[in-house]
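Okay, here's what each chain looks like letter by letter:
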Amino acid sequence: FDGVELKNISVSTDELTLADRLDDITESAIKTAYNNIYNFHKLQQPSPEKLESNGITLWREYRAIENVGLYIPGGSAPLVSTLLMLAVPAKIAGCKRIVVATPPAKDGTIPNPILYAANLCGVTEIYKMGGAQAIAALAYGTATIKKVDKIFGPGNVYVTEAKQQVARDVNGAALDMPAGPSEVMVIADSSANPAFVAADLLAQAEHDPNAGIVLVALDSQFADNVQKELDEQIKHLSRVSIASKALEHGLVVLVNSLNEAVEVANRYAPEHLMLEVAAANEILKDIQNAGSVFIGHWASEALGDYASGTNHVIPTYGHARTYSAAGVSSFMKSISFQEVSHEGFLHIAPTVERLAELEGLDAHKASVVIRRGTK
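Reading the values: rules and limits
- Residues numbered from 1 in each chain as written.
- Predicted model: local features only at pLDDT ≥ 70, side-chain atom pairs only at ≥ 80, totals over all residues.
- Heavy atoms only, no water.
- Helix = DSSP H or I, 4+ residues; strand = E, 2+ residues; numbered from the N terminus.
- Contact = heavy atoms within 4.5 Å.
- Areas by Shrake-Rupley, 256 points an atom, 1.4 Å probe, with all protein chains shown as cover.
- Lys, Arg positive; Asp, Glu negative; His and termini not counted.
- Charge placed at Lys NZ, Arg CZ, Asp CG, Glu CD.
- Buried < 20%, exposed > 50% of the residue type's maximum accessible area, 1.4 Å probe, protein only.
- Pairing = 2+ DSSP bridges.
- Polar contact = N/O pair within 3.5 Å; in protein donor to acceptor, adjacent residues only side chain to side chain.
- Right-handed = clockwise from strand over helix to strand, strands pointing away.
- Core = buried A, V, L, I, M, F, W, Y, C linked by side-chain atoms within 4.5 Å.
- Axes fitted to C-alpha atoms, helices over the stretch in contact; angles between N-to-C directions.
- Salt bridge = Lys/Arg side-chain N within 4 Å of Asp/Glu carboxyl O.
- 1 Å grid on protein atoms, 1.4 Å probe; cavity = no way out; pocket = protein on both sides within 12 Å on 5 of 7 lines; lining within 4 Å.
- Points joined across faces, edges and corners; volume = space filled by probe spheres on them.
- Nonpolar A, V, L, I, M, F, W, Y, C, P; charged D, E, K, R; others polar.
- Parallel < 35°, antiparallel > 145°, perpendicular 65-115°, else oblique.
- Left-handed = near helix turned anticlockwise from the far one by under 90°.

**Looking at the overall build of the protein**
Argument step 1. Scanning the protein from N- to C-terminus turns up 13 helices and 13 strands.
Argument step 2. Counting only C-alpha atoms, the protein reaches 85 × 60 × 35 Å along its principal axes.
Argument step 3. Put simply, of all contacts in the protein between residues at least 6 apart along the chain, 74% involve residues at least 24 apart.
Argument step 4. Carbon and sulfur atoms make up 53% of the accessible area of the protein, which totals about 19,400 Å².
Argument step 5. Here the protein holds 30 positive side-chain charges and 43 negative ones, and the gap between their average locations is 10 Å.

What follows is the structure, encoded as structure tokens:
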């Protein structure tokens, strides 16, 4: 399926060792991104929770998901940033086994930057495979690959569909979040620079011909100026054909006020929401639905995509209404505990007995009654 014959789909120790041979500029860029992502996600470790009341102690503890699979797309370019965005929080969460699947090049190799980033994150189990078949291998296991419990990472429509199918199967694997085409919404007023706005729209458009590109403008003349910039800037892109197709179904929404703009954003629930407006900080409290928000004229979306530290694996297609960006908690689950003293039991027993009666669950009530009168 990947157009290459492989004797072994597993990346060898020798291949990982050779990955350390990168130029200084590339190594420095990957390390800087790693450090920023690590520092931000380190803050996300959950705090202990405990409640003691009337002889009953309740608490919740977090455990890492033991086996996780990270899908790193590689069809059009090696997504080093995605590996960092997933492997770093998985490492912080304490996942025992972190598996990477990424499609090989036609010569059967994985790009060195991908392997270098994996080394940096302490990931050594890497398989040369992509597409829906890689998702199936991770979810169900094969003769050479042990199955995982949860799969993370973006992909094309086939990868997305495969993740959803295996997540519905009790014998498959959970997914990080449902996904659709990537998208950006830019809210801009007259204080914005049309060239900046156009560049931000194109940065998303070059991802995918199906990408969602939306400009919410408070002024029609400003929107026209952005269109002129788009027409000029797109000429210089290497992925002009992809960006052009994305722009064909792009939208310009004209609104009368910043409040209307926020309402549009909340209804759309964009993956990336850019606030290129003078009063950006004044409307933050009103934003309810967005995957990641970029505030001000200097907060290029590309910063978050690569190296500022926030995660770029974000819900799309309106799923930001109910899902969050990937983070440390995505790689963990919580277990609740309760410890009950005799006094605590006697205090709550009448309540439980009555509720069990209301629901007609006699055995529930009996399991409480049988303890009465004993110590």
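So much for the structure itself; the text now carries on.
**Focus: the pairing of strand β12 (residues 292-295)**
Argument step 1. Taking every second residue as pointing to the same face, the buried face of β12 carries S292 and F294, while none of V293 and I295 on the other face is buried.
Argument step 2. Examined bridge by bridge, strand β11 (residues 272-276) and β12 share four bridges and lie parallel to one another. Opposite L273, over in β12, you have V293 as the bridge partner.

**Brief notes about the side chain of K163**
Argument step 1. One can find K163 in helix α6 (residues 157-168).
Argument step 2. Take K163: its relative accessible area is 5%, and that puts it in the buried class.
Argument step 3. Within the local environment of K163, its side chain forms a polar contact with the side chain of D176, the two groups lying 2.8 Å apart.

**As for the pairing of strand β5 (residues 125-128)**
The side chains of a regular strand alternate between the sheet's two faces.
Argument step 1. The sheet contact formed by strand β4 (residues 97-102) and β5 spans four bridges and is parallel. Of the residues in β5, the one forming a bridge with V99 is E125.
Argument step 2. After leaving β4, the chain enters helix α4 (residues 112-121) and then returns to the sheet as β5, a path that is right-handed.

**Some points on the nonpolar core**
Argument step 1. In terms of nonpolar packing, the biggest core is built from 42 residues, with V68, L70, L83 and F331 touching the most fellow members.
Argument step 2. The set of elements that each furnish at least two residues to this core consists of α2 (24-42), β3 (67-71), α3 (80-93), β4 and α4.
Argument step 3. Examining the composition of this core, we find that ten residues originate from one element, α3, more than from any other.
Argument step 4. The residues contacting L70, other than those within four sequence positions of it, are L86, A87, I98, V99, V100, A101, F152 and F331.
Argument step 5. Core analysis: the next-biggest nonpolar cluster, separate from the first, contains 23 residues, A188, V197, A205 and F222 among them.

**What to know about the sheet that holds strand β1 (residues 49-53)**
Whether parallel or antiparallel, the strands of a sheet pair through hydrogen bonds between backbone atoms.
Argument step 1. A sheet is described by the order of its strands in space; here three strands give the open sequence β1-β2-β13, paired in antiparallel fashion. Pairing within the sheet leaves two strands with one partner each, and these edge strands are β1 and β13 (332-340). Strand-to-strand, the axes of this sheet are offset by a mean angle of 15°, without reference to chain direction.
Argument step 2. Both β1 and strand β2 (residues 56-64) contribute to a ladder of five bridges, which runs antiparallel. Bridge pairing links E49 to R60 in β2.

**A closer look at the sheet that holds strand β6 (residues 150-152)**
Argument step 1. The strand order across the open sheet built from five strands is β5-β4-β3-β6-β7, with neighbouring strands paired in parallel fashion. The sheet terminates laterally at β5 and β7 (174-175), the two strands that pair on one side only.
Argument step 2. Against the sheet, helix α5 (residues 131-140) contacts β3, β4 and β6, and its axis sits at roughly 175° relative to β3.

**Quick notes on the pattern of salt bridges**
Argument step 1. Overall, the coordinates contain 13 salt bridges when judged by the stated rule.
Argument step 2. A salt bridge links E232 to K235, with the shortest nitrogen-to-oxygen separation between them at 3.3 Å.
Argument step 3. E357 is the partner of K365 in a salt bridge, and the nearest nitrogen-oxygen pair spans 2.4 Å.
Argument step 4. E357 sits in the partly exposed class, given a relative accessible area of 37%.
Argument step 5. Shared partners join several salt bridges into a network, and the residues in it are R354, E357 and K365.

**Quick notes on unusual backbone geometry**
Argument step 1. Backbone geometry at N54 places phi at a positive 50°, although glycine is not the residue there.
Argument step 2. With respect to the helices and strands, N54 occurs in the loop between β1 and β2.
Argument step 3. One non-glycine residue, A269, adopts positive backbone phi at about 55°.
Argument step 4. With respect to the helices, strands and loops of the structure, A269 is situated in the loop between α10 (258-268) and β11.

**A short note on the layout of surface pockets**
Argument step 1. If you add up the space inside the second largest pocket, you get close to 320 Å³.
Argument step 2. Those elements that place two or more of their residues in the lining of the second largest pocket are α2 and β6.
Argument step 3. Class assignment for the residues of the lining of the second largest pocket results in seven nonpolar, eleven polar and two charged.

**Notes on the packing of α2 against α4**
Argument step 1. With their axes 11 Å apart at the nearest point, α2 and α4 run at an angle of 40° to one another. By the angle class used here, α2 and α4 are oblique. Once α2 is placed against α4, the crossing between them reads as right-handed. Contact residues: E27, I30, K31 and Y34 in α2; P113, Y116, A117, L120 and C121 in α4.
Argument step 2. Residue classes in the contact of α2 with α4 are distributed as seven nonpolar, no polar and two charged.

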